[in-house]
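# Fold and contact review
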Protein chains: 2
Amino acid sequence: MNPNNTETNPPSAAEAAPAAAPLTDATHDPALRSWVASANVPGADFPIQNLPLGRFRPPADEGPGHADGADTLRVGVAIGDQVLDLKLAAQQCPWPEEIYPLLAPLAAGDLAAFMALGRPAWRALRAALSAALAEGSDQGPFLELCLRPRAGLRMAMPCTVRDYTDFYVGIHHATNIGRLLRPDNPLLPNYKWVPIGYHGRASSVGLGGPVRRPHGQQRPNPEAPPVYGPCQRLDYEMELALWVGVGNELGRPVPIEKAEEHLFGVSLLNDWSARDLQAWEYQPLGPFLAKSFATSVSPWVVSFEALAPFRRPLLRPGGDPAPLPYLHSAANHSHGSFSMTLEVWLQTAAMRSAGQGPVRLSQANAAEAAYWTPAQLLAHHTSNGCNLATGDLFGTGTLSGPGPGQGGSLMELSQGGREALQLPVGEQRRYLHDGDTVILRAFCEAPGAVRIGLGQLSGTVLPA
Amino acid sequence: MNPNNTETNPPSAAEAAPAAAPLTDATHDPALRSWVASANVPGADFPIQNLPLGRFRPPADEGPGHADGADTLRVGVAIGDQVLDLKLAAQQCPWPEEIYPLLAPLAAGDLAAFMALGRPAWRALRAALSAALAEGSDQGPFLELCLRPRAGLRMAMPCTVRDYTDFYVGIHHATNIGRLLRPDNPLLPNYKWVPIGYHGRASSVGLGGPVRRPHGQQRPNPEAPPVYGPCQRLDYEMELALWVGVGNELGRPVPIEKAEEHLFGVSLLNDWSARDLQAWEYQPLGPFLAKSFATSVSPWVVSFEALAPFRRPLLRPGGDPAPLPYLHSAANHSHGSFSMTLEVWLQTAAMRSAGQGPVRLSQANAAEAAYWTPAQLLAHHTSNGCNLATGDLFGTGTLSGPGPGQGGSLMELSQGGREALQLPVGEQRRYLHDGDTVILRAFCEAPGAVRIGLGQLSGTVLPA
């Protein structure tokens, strides 16, 4: 048996490493500008300091061999309002010799194969892309021919989702939900010790777009038998997606010091939730059909490298227990978290008809919301020997801030449906109506750093 | 909203279809004998009425192209103590013209592709195999050359597990476990309405063999902080595995009348469980690391066709609510369940040293144990539109009988660890020790039918 950690205070300041500065390199230089002009517009999601990867289907009119099908998928890099097509870029542009092996899987449309290569490869490609897309690059004239307007592209999933795990790192979310059920004791005793999570359904994870309101069993009247019918309390959950790049063997836990090396990057995730199905089904084994009808992710995967300027200390308020040793490292403690603004926007069908743009429902910051870091999630997940694989997906769980207007779900914003939200054209919402469009956005800002965005994730509710 | 079913009595006898007889055909004829002599031995698991499919690796000494790797896997049919190699059988034996397209994926080692073909294909192959392996078949002389001794074969997983779902259909198990937590009210109010289930971990599902005792977070002393260390309360769970053959589109629930058409067959499943990890982690989102270190299945998939003579009415004691309409069909009510004897055996390291064979810990019958049928599980799983795919795996949940000595887990047999089981060589068990070998067996017997077995699933606990 391993030694028992009985500390209740955070590790001393002496143990904590210096803050995020050493994580950054020339690719983060805020003075760096791209020859893709739209990447230099202040407030853009995809400046040259970001360089997220994603997959898309090339237009069908590009000739034979371009019909729909997995073999036609391309990998691209988002840059400003353009996408650099890495198949074309590998063919039509000279690259440093050592970059060709990294480009090969990407040119073949196989992002998963690149994800499996690990952080040194990811960093090397990032550096090469940064140099190639920078103002004054010799590669510019070649790569200009490899750009596609981002607006017109049909995006695809970054890779096949192998196993999907949804965590529960949002301590304010857990408190808000717990308070609805147990007003005097909202947080369960395990919460500050265990990064709570559960296995999710991989098959129904997809990109944004329409989401069909599910049917399901529910018991609206506790004095009457349950019924099967359309969900009456459909909700969203604002989460981040973490993509596993490098797996581990069954029976080989990944130590916390190495855990982040296995994580390829971050997207947005909407964990659509049928609250009435969930309330009736979830005891004693957890959420099941309340979640498995749809989970949406955004198509661009932002690397941990791009997020380096925004790293923050682990959230661990004074008096909270220190993480057990298998969940603690000095680096994780000093900059395991990151500062990221998270926003949820809503546009109803009536708002669309009235020409009214989306309204913001909530805003929170990931560093204030998440009690556990990505590295802790991965270390915990493998701590029993569970094997992860390339393409595994983690959801963080709903990321809500501590204050009003910071809840990452309608269940929180409406106090379990008791208080309706007022919308611009005279409507109210407790839960989602058919035709409602939910838009998640996330971006990082910090003094001396260029803003980095995850893009957005938009989904519209279709009738049951 | 669909009409609300408020019946509390089972459907009338008039509604119930006739019993299992029409399900059977010439392939079930108890007089049918095989030219493979060992298949005719009374009590064999794999008589000619069974014909389960599985995958194996051919011996490495069969020449070039036979090195390890997925492309070398073969599909075979277990018959007595032999296995018919379907790659050889497709090459070296004449078959009816219409069978070749069905044999093609099997000859290529791709059982999943055959599973995706659906019940008419499965039935047609079964009929062809039954005729070819029957005494007096013209194909016998060809197929004799395609047999391999089963004892020497290295088996492989039937297919890649896509999503894995574990249900909780064992009502006596749910009652037994519930009683340990809530003596006055063991069954939760949703149990008789909802086929409770949760998403499981697909990556750690494998065949039987050694299983490493996991480490994990646990709180043995509720007055002290939790610790991370080797599991102290390791358990097995006796379950059946159901393999999905034919999937469904996202958003398209499968009606109960069609549900069984999607299910390819049945294996044994051991849902290894770390009870101390589970007790500490499972609130509020269900089991996670307590399960994901290992799940074992047996390699031979027995078809629903082979089980036809053993079909039984749905278990629904008088006074229990009728299933909601989306979970009810006349056929499911009359023969949705099946009678199958389930046994758990244990051999400790000390027993092995003393030359003492395994001792039986429990015996139960699936028809008495399972409150929900395979068809109900599949209909429920898709009732929210969740998409299933070929290779999805369902665990039934622990199948325990109502009486003493019928618990399908040590947690039940030892009353939550309070009462030790006495073993033959003077040992006791509350939970599993290192070196313990757990053996699951299941077989069907009925008057006028030949015994059908699932084989066995054996796993030995390795030290943490």
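Residues numbered from 1 in each chain as written. Chains lettered and ligands numbered in written order. Predicted model: local features only at pLDDT ≥ 70, side-chain atom pairs only at ≥ 80, totals over all residues. Heavy atoms only, no water.

### Quick look at the overall build of chain A
This is how it is decided: Only runs of H or I of at least four residues qualify as helices and only runs of E of at least two qualify as strands under DSSP, and these elements are numbered from the N terminus. Atoms counted for the radius of gyration: C-alpha only. Globule rule: 2.2 Å times the number of residues to the power 0.38. The rule is simple: take the accessible area with a 1.4 Å probe, protein chains only, and divide by the maximum for that residue type; under 20% is buried, over 50% is exposed, in between is partly exposed. Contacts are assigned to residue pairs with any non-hydrogen atoms lying within 4.5 Å of each other. For accessible areas, the Shrake-Rupley method is used with a probe of radius 1.4 Å. Any residue's cover is judged against the shown protein chains and nothing else. Only four residue types enter the tally: Lys and Arg on the positive side, Asp and Glu on the negative side; His and the chain ends are excluded. To locate a charge, the coordinates of NZ of Lys, CZ of Arg, CG of Asp or CD of Glu are taken.
If you tally the helices and strands in chain A, you get 13 helices and 26 strands. A compact globule built from 464 residues should have a C-alpha radius of gyration of about 23 Å, and chain A, at 22 Å, falls within 12% of that. By principal-axis analysis of the C-alpha atoms, chain A measures approximately 70 × 60 × 40 Å. Here chain A holds 464 residues, and 62% of them are scored as buried. Contacts spanning at least 24 positions in sequence make up 74% of the contacts within chain A whose residues lie at least 6 apart. Summing over all exposed atoms, chain A offers an accessible surface of approximately 16500 Å²; the carbon and sulfur share of this is 54%. Within chain A, one finds 34 positive and 42 negative side-chain charges whose respective centroids are separated by 5 Å.

### Topic: the interface of chain A and chain B
What counts is decided by this rule: As used here, buried area is the combined drop in accessible area, with a 1.4 Å probe, of two parts when they are placed together. For salt bridges, the criterion is a side-chain nitrogen of Lys or Arg within 4 Å of an Asp or Glu carboxyl oxygen. Here a polar contact is recorded for every N or O atom pair within 3.5 Å, except that within protein the pair must consist of a potential hydrogen donor and a potential acceptor, and residues adjacent in sequence are included only if both atoms are side-chain atoms. Classification convention: Asp, Glu, Lys, Arg as charged; Ala, Val, Leu, Ile, Met, Phe, Trp, Tyr, Cys, Pro as nonpolar; all other residues, Gly among them, as polar.
Contacts between chain A and chain B engage 61 residues on the former and 62 residues on the latter. Between chain A and chain B, a total of about 6200 Å² is buried, with carbon and sulfur atoms accounting for 60% of that surface. Linking chain A to chain B there are four salt bridges. The salt bridge partner of Asp163(A) is Arg201(B), with a shortest N-O separation of 3.5 Å. Our count for the chain A to chain B interface comes out at 29 residue pairs in polar contact (both at pLDDT 80 or more). For the side of chain A that touches chain B, the secondary structure elements donating two or more residues are β6 (164–167), β7 (197–200), β10 (215–218), β11 (227–230), α8 (275–281) and α12 (374–382) of chain A. Looking at the side of chain A that touches chain B, its residues break down into 31 nonpolar, 24 polar and six charged.

### Focus: the side chain of Ser292(B)
Structurally, Ser292(B) can be placed in the loop between α8 (275–281) and β16 (295–297). We classify Ser292(B) as buried; its relative accessible area is 0%. Leave out the neighbours within four places in its chain, and Ser292(B) touches His199(A), Asn384(A), Cys386(A), Arg201(B) and Ser204(B).

### A short note on the sheet that holds strand β21 (residues 359–365) of chain A
Residue and element names in this part refer to chain A. The criterion, for reference: Think of it this way: DSSP has to see at least two bridges between two strands before they count as a pair. Lines fitted to C-alpha atoms define the axes, with helix axes restricted to the stretch in contact, and inter-axis angles between N-to-C directions lie between 0 and 180 degrees.
Taking strand neighbours across the sheet as the criterion, the five strands line up as β9-β26-β25-β20-β21 in an open arrangement whose pairing is mixed. Of all strands in the sheet, those with a lone pairing partner are β9 (209–212) and β21, marking the two edges. With strand direction ignored, the average angle separating the axes of adjacent strands in the sheet is 20 degrees. Relative to strand β26 (residues 452–462), β9 runs parallel, the two sharing four bridges. In the sheet register, Val 211 faces β26, and the bridge partner there is Val 461.

### Regarding the packing of helix α2 (residues 100–107) of chain A against helix α4 (residues 119–133) of chain A
How two helices pack is summed up by the angle between their axes together with the distance between the axes. All names here are of chain A. Here is the rule we go by: In what follows, roughly perpendicular refers to angles from 65 to 115 degrees, roughly parallel to angles under 35, roughly antiparallel to angles over 145, and oblique to any angle outside these ranges.
Relative orientation of the contacting elements α2 and α4 amounts to 90 degrees, with a least axis distance of 10 Å. Considering their axes alone, α2 and α4 lie roughly perpendicular with respect to each other. Where α2 abuts α4, its residues Leu 102, Leu 103 and Leu 106 lie against Ala 121, Ala 124 and Leu 125. Across the contact of α2 with α4, the residue classes break down as six nonpolar, no polar and no charged.

### Examining unusual backbone geometry
Residues and elements named next belong to chain A. In this model, Gln 283 is joined to Pro 284 through a cis peptide bond whose omega is 5 degrees. For Pro 284, the location among the structural elements is in the loop between α8 and β16 (295–297). In this structure, Leu 51 takes a positive phi of about 65 degrees despite not being glycine. With respect to the helices and strands, the residue Leu 51 is situated in the segment before β1 (53–57). Notably, Gln 415 is not glycine yet its phi reads approximately 55 degrees, a positive angle. Position of Gln 415 among the secondary structure elements: in the loop between α13 (410–413) and β23 (421–422).

### Details of the confidence of the model for chain A
Residue and element names in this part refer to chain A. Our working definition: On a scale of 0 to 100, pLDDT captures the predictor's confidence in every residue.
Of all residues in chain A, 93% attain a pLDDT of 70 or more, and the chain-wide mean is 93. In this model, residues 1–21 is a region of pLDDT below 50 whose contacts with residues beyond four sequence positions or in other chains number 35 contacts. The low-confidence segment residues 64–70, where pLDDT is below 50, has 10 contacts with residues more than four positions distant or belonging to other chains. Across the assembled chains, the prediction reports ipTM 0.94 with pTM 0.94.

### Some words on the relation of the copies chain A and chain B
Cut-off, in case you're wondering: Least-squares superposition of the copies uses the C-alpha atoms of those residues scoring a pLDDT of at least 70 in each of them.
By a simple turn and slide, chain A fits onto chain B: the slide is 0.0 Å along the axis, the RMSD is 0.0 Å, and the turn is 180 degrees. Taken together, the rotation angle and the small translation identify this as a two-fold axis. Scanning chain A for the C-alpha nearest the rotation axis identifies Gly286(A), at a separation of 2.1 Å.

### Re the layout of surface pockets
A probe as big as a water molecule, rolled over the atoms, marks out the empty space that is left. To keep things clear, this is the line we draw: Within this scheme a cavity is a closed region of a 1 Å grid, computed over the protein atoms alone, that accommodates a 1.4 Å probe without allowing it to escape, whereas a pocket is open but has protein on both sides within 12 Å along at least five of seven lines; lining residues each have an atom within 4 Å of a point. Grid points are joined across faces, edges and corners, and a volume is the space filled by probe spheres set on the points.
In this structure, the largest pocket encloses a volume near 700 Å³. Every residue lining the largest pocket is counted, 37 residues in all, and those nearest its centre are Ser203(A), Ser204(A), Gly206(A), Leu250(B) and Asn387(B). Considering each element in turn, the lining of the largest pocket owes the most residues, four residues, to β9(A). By residue class, the composition of the lining of the largest pocket is 17 nonpolar, 15 polar and five charged.

### Here's the deal with the sheet that holds strand β3 (residues 82–85) of chain A
Residues and elements named next belong to chain A. With respect to topology, five strands assemble into an open sheet ordered β4-β3-β2-β1-β5, the strand pairing being antiparallel. Each having just a single partner strand, β4 (147–149) and β5 (154–156) make up the two edges of the open sheet. Across the sheet, the mean angle from the axis of one strand to that of its neighbour is 45 degrees, orientation sign disregarded. Inspection of the sheet shows β1 paired to β5 by three bridges, in the antiparallel sense. For Arg 55, the partnering residue across the bridge sits in β5 and is Ala 156.

### Brief notes about helix α6 (residues 171–181) of chain A
Ile171(A), His173(A), Ala174(A), Thr175(A), Ile177(A) and Gly178(A) are the residues of α6(A) that are buried. The elements touched by buried residues of α6(A) are α11 (366–369) and α13 of chain A.

### Comments concerning the pattern of salt bridges
Applying the stated criterion across every chain yields a total of 42 salt bridges over all chains. Arg201(A) is paired through a salt bridge with Asp392(B); the nearest N and O atoms lie 2.7 Å apart. Taken together, the residues span two chains, with Arg201(A) in the loop between β7 and β8 (205–207) and Asp392(B) in the loop between α12 (374–382) and β22 (393–395). Each member of the pair Arg201(A) and Asp392(B) is classed as buried.

### A closer look at the domain arrangement of chain A
Residue and element names in this part refer to chain A. Defined as follows: An automatic or database domain assignment supplies the start and end points of every domain.
Assigned domains of chain A: these are domain 1 (26–156) and domain 2 (164–462). Of note, the centres of domain 1 and domain 2, computed from C-alpha atoms alone, are 29 Å apart. Taken together, the contacts link 29 residues of domain 1 with 29 residues of domain 2. For the interface between domain 1 and domain 2, the tally reads four salt bridges. In this structure, Asp 45 and Arg 451 form a salt bridge, with 2.9 Å as the shortest nitrogen-oxygen distance.

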